[in-house]
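Given next are the chains, with one letter for each unit.
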Amino acid sequence: MKRINNLMVMVLLAVLSMTFVSCVEDDEDVAYNLEGTWYGSVKSDYFDRRYGYTTEWTDVQLEFYKDPYVYAEGSGREIDYNGRYYSSVVGFNYIVRNHVIYIEYYDGSKIAIYNYSLWMDEFKGEFHDYYTGEYLASFRFERMDYGWDYGYNKLKEGLTDQVIQLDK
């Protein structure tokens, strides 16, 4: 009987130890999952003296390139679209620290991404001011490429040619 009790205690300890395992991603995993091309919409709400509170939607493509030699860091570029054509292209460096994604653009502006969800082929969250933490906009992106196979691309027809021309 004593042997069965000891066995039951060991099984109970093994089961309980598994329940305390955390499922939160660390910064390196977030940076790894960010790598690739994301396309979607950014919704920004702002106050205009003439029109009052206004909501603006912008189509955006974000490309994240993880540096394999540095922990949770990389570079990338943001391409903003105005209809079928791009309106601006800005490069950036990013770092993931304490589950917050910090982006510093080459033009000197900085933002932080809070309250985000990065699951399978969907990336959604909020852009905040880097310094004050003030809310700027929300976004929802879908992954355009999957892993190392960049041949599969769901970009709008005609946009791919414009992006290739930017690289030249």
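Please refer to the structure higher up on the page.
These figures come from a predicted structure and were not determined experimentally.

> Which residues make up the nonpolar core, and what values do they have?
In terms of nonpolar packing, the biggest core is built from 24 residues, with Leu34, Phe64, Val96, Ile101, Ile103, Phe123 and Phe141 touching the most fellow members. Of all the elements in the fold, those that place two or more residues in this core are α2 (27-34), β1 (36-48), β2 (52-66), β4 (85-97), β5 (100-105), β6 (110-119), β7 (122-129) and β8 (135-143). The element best represented in this core is β6, accounting for four residues. Sequence-distant contacts of Ile103, that is, excluding residues within four places in its chain, are made with Phe64, Phe92, Asn93, Tyr94, Ser109, Lys110, Ile111 and Ile113.

> Tell me what's going on with the pattern of salt bridges, and back it up with residues and numbers.
Following the criterion strictly, the structure yields five salt bridges and no others. For the salt bridge of Glu122 with Arg140, the shortest nitrogen-to-oxygen distance reads 2.7 Å. One end of the pair, Glu122, is in strand β7; the other, Arg140, is in strand β8, with 18 residues separating them in the sequence. Judged by its relative accessible area of 43%, Arg140 is partly exposed. Between Glu142 and Arg140 there is a salt bridge, with the nearest N and O atoms lying 3.7 Å from each other. Salt bridges linked by common partners bring Glu122, Lys124, Arg140 and Glu142 together as one network.

> Give me the sheet that holds β2: which residues, what numbers.
Paired through backbone hydrogen bonds, the strands of a sheet run either parallel or antiparallel to each other. One closed barrel accounts for eight strands, arranged β1-β2-β3-β4-β5-β6-β7-β8; its pairing is antiparallel. Looking at each pair of strands side by side, their axes are set apart by 30° on average, direction ignored. The sheet contact formed by β1 and β8 spans six bridges and is antiparallel. By the bridge assignment for β8, Val42 is matched with Phe139. α2 rests against β1, β2, β4, β5, β6, β7 and β8 of the sheet, and its axis sits at about 160° to β4.

> An account of the packing of aromatic side chains is needed here, citing residue identities and associated values.
One pass over the full model with this rule turns up 13 aromatic pairs. With centroids separated by 5.1 Å and ring planes inclined at 90°, the aromatic side chains of Phe64 and Tyr94 adopt a geometry described as edge-to-face. Of this pair, Phe64 sits in strand β2 while Tyr94 is found in strand β4, placing the two residues 30 residues apart along the sequence. Among the aromatic residues, those joined into a ring-pair cluster are Trp38, Phe64, Phe92, Tyr94, Tyr105, Tyr116, Phe123, Phe127, Phe139 and Phe141.

Rules used in this analysis
Residues numbered from 1 in each chain as written. Predicted model: local features only at pLDDT ≥ 70, side-chain atom pairs only at ≥ 80, totals over all residues. Heavy atoms only, no water. Core = buried A, V, L, I, M, F, W, Y, C linked by side-chain atoms within 4.5 Å. Buried < 20%, exposed > 50% of the residue type's maximum accessible area, 1.4 Å probe, protein only. Helix = DSSP H or I, 4+ residues; strand = E, 2+ residues; numbered from the N terminus. Contact = heavy atoms within 4.5 Å. Salt bridge = Lys/Arg side-chain N within 4 Å of Asp/Glu carboxyl O. Pairing = 2+ DSSP bridges. Axes fitted to C-alpha atoms, helices over the stretch in contact; angles between N-to-C directions. Phe/Tyr/Trp six-rings, centres within 6.5 Å; stacked < 30°, edge-to-face > 60°.

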